[in-house]
Amino acid sequence: AKEDPRRTTRLAIGLKNFREKVSATGVKMNSPLLWKRGWRRPTRTILNTIWLVLISIPAILGALHNLIPFLLVRGITSFFRQPGKMTISLTRLGIGIPIFAAWYFLIWQWMRGYFLPWVAWTWALTMPFAGVLAQNYFWRAKGNLRVWKEHIRLFFNPKKIAELRDQHTHLCVELSKL
């Protein structure tokens, strides 16, 4: 880059133009449409969608079950704001463990009185995992929905996607030469 400032400037302008073209099509720069080609891209998208459909019920149940203690912990910890992500995490953990434990105990007590004991135990043991699953599920579903919208948007314009991919490949080659 130090040897040829004109080449670096041309490459920077090319990257800027590429970003503008990608943005104008409604596709994000990290979209699989730009860097995955062939049958693997739609296969990956379809498999992700099938997986999201299969785990949707446990994820939604986990989100609903853990919503009240989650909001309670977030509300309480907002009063103890300290700088630094580690301090915030430790505060949430210190306040969250007893609140979640009490919540799970209350739900287990209620379910034990209403359902058979094995149902209450099964629910109490699976809901922590369903809650963790729910945290990841909604981010993945949002990303998968974005990819589907990009696919649909560019499905009827194969020349545009080919042009963007060619320009992407060219820029990658030029960047690797620096």
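What counts and what doesn't
- Residues numbered from 1 in each chain as written.
- Predicted model: local features only at pLDDT ≥ 70, side-chain atom pairs only at ≥ 80, totals over all residues.
- Heavy atoms only, no water.
- Helix = DSSP H or I, 4+ residues; strand = E, 2+ residues; numbered from the N terminus.
- Expected span 1.5 Å × (residues − 1).
- Bend = angle between axes of the 7 residues up to and from the residue.
- Buried < 20%, exposed > 50% of the residue type's maximum accessible area, 1.4 Å probe, protein only.
- Contact = heavy atoms within 4.5 Å.
- Core = buried A, V, L, I, M, F, W, Y, C linked by side-chain atoms within 4.5 Å.
- Phe/Tyr/Trp six-rings, centres within 6.5 Å; stacked < 30°, edge-to-face > 60°.
- Salt bridge = Lys/Arg side-chain N within 4 Å of Asp/Glu carboxyl O.

Engineer: Quick question: what am I supposed to make of helix α4 (residues 56-77) here?
Structural biologist: Within an α-helix, residues lying three or four positions from one another point in the same direction, as the helix has 3.6 residues per turn. With 22 residues, α4 should reach 32 Å at 1.5 Å per residue; the first-to-last C-alpha distance of 29 Å fits that figure. The largest bend in α4 amounts to roughly 50 degrees and is located at Leu67, with the proline Pro69 lying one to four residues further along. Among all positions of α4, only Ser56, Ala59, Gly62, His65, Asn66, Pro69, Val73 and Thr77 are buried. Buried residues along α4 sit against α3 (40-54), α5 (85-114) and α6 (117-155).

Engineer: What am I meant to see in helix α7 (residues 158-177) here?
Structural biologist: With 20 residues, α7 extends 29 Å between its outermost C-alpha atoms, agreeing within 8% with the 28 Å of an ideal straight helix rising 1.5 Å per residue. Among the residues of α7, those classed as buried are Ile161, Leu164, Arg165, Gln167, Leu171 and Glu174.

Engineer: I tried to follow the nonpolar core on my own but got confused; where do I start?
Structural biologist: By size, the foremost hydrophobic cluster in this structure holds nine residues: Leu11, Phe18, Val22, Val27, Leu33, Leu154, Ile161, Leu164 and Leu171. Only α1 (5-25) and α7 provide two or more residues apiece to this core. Apart from the residues within four sequence positions on either side, Val27 is in contact with Val22, Glu150 and Leu154. Ranked by size, the runner-up nonpolar core spans five residues in total, among them Ile107, Met111, Ala120 and Ala124.

Engineer: Just checking my understanding: could you explain the packing of aromatic side chains for this structure?
Structural biologist: Here the structure, examined in full by the defined rule, presents six aromatic pairs. Taken together, a centroid distance of 6.1 Å and an interplanar angle of 85 degrees make the contact between Trp110 and Phe115 edge-to-face. In this structure Phe115 comes out as partly exposed when scored by relative accessible area, which is 36%. Summarising the aromatic geometry, the rings of Tyr114 and Phe115 are spaced 5.0 Å apart at their centres and angled 85 degrees between planes, so their arrangement reads as edge-to-face. Overall, the relative accessible area of 60% leaves Tyr114 in the exposed class. In textbook terms, an aromatic cluster arises when at least three aromatic residues are bridged by ring pairs, as seen for Phe105, Trp108 and Trp121.

Engineer: What should I look at first to understand the pattern of salt bridges in this one?
Structural biologist: Oppositely charged side chains are able to pair whenever their charged atoms sit close together. Applying the stated criterion across every chain yields a total of three salt bridges. The closest approach of N and O atoms between Glu20 and Lys16, which form a salt bridge, is 3.3 Å. In this pair, Glu20 and Lys16 both sit in helix α1, four residues apart, roughly one turn of the helix. Under the relative-accessibility criterion, Glu20 is labelled partly exposed at 42%. Between Glu150 and Arg146 there is a salt bridge whose closest N-O contact spans 2.9 Å. Note that Glu150 and Arg146 are positioned in helix α6 at a spacing of four residues, about one turn of the helix. The class for Glu150 is buried, based on a relative accessible area of 1%. When its relative accessible area of 23% is taken as the criterion, Arg146 is described as partly exposed.

So yeah, pure geometry; function would need other evidence.
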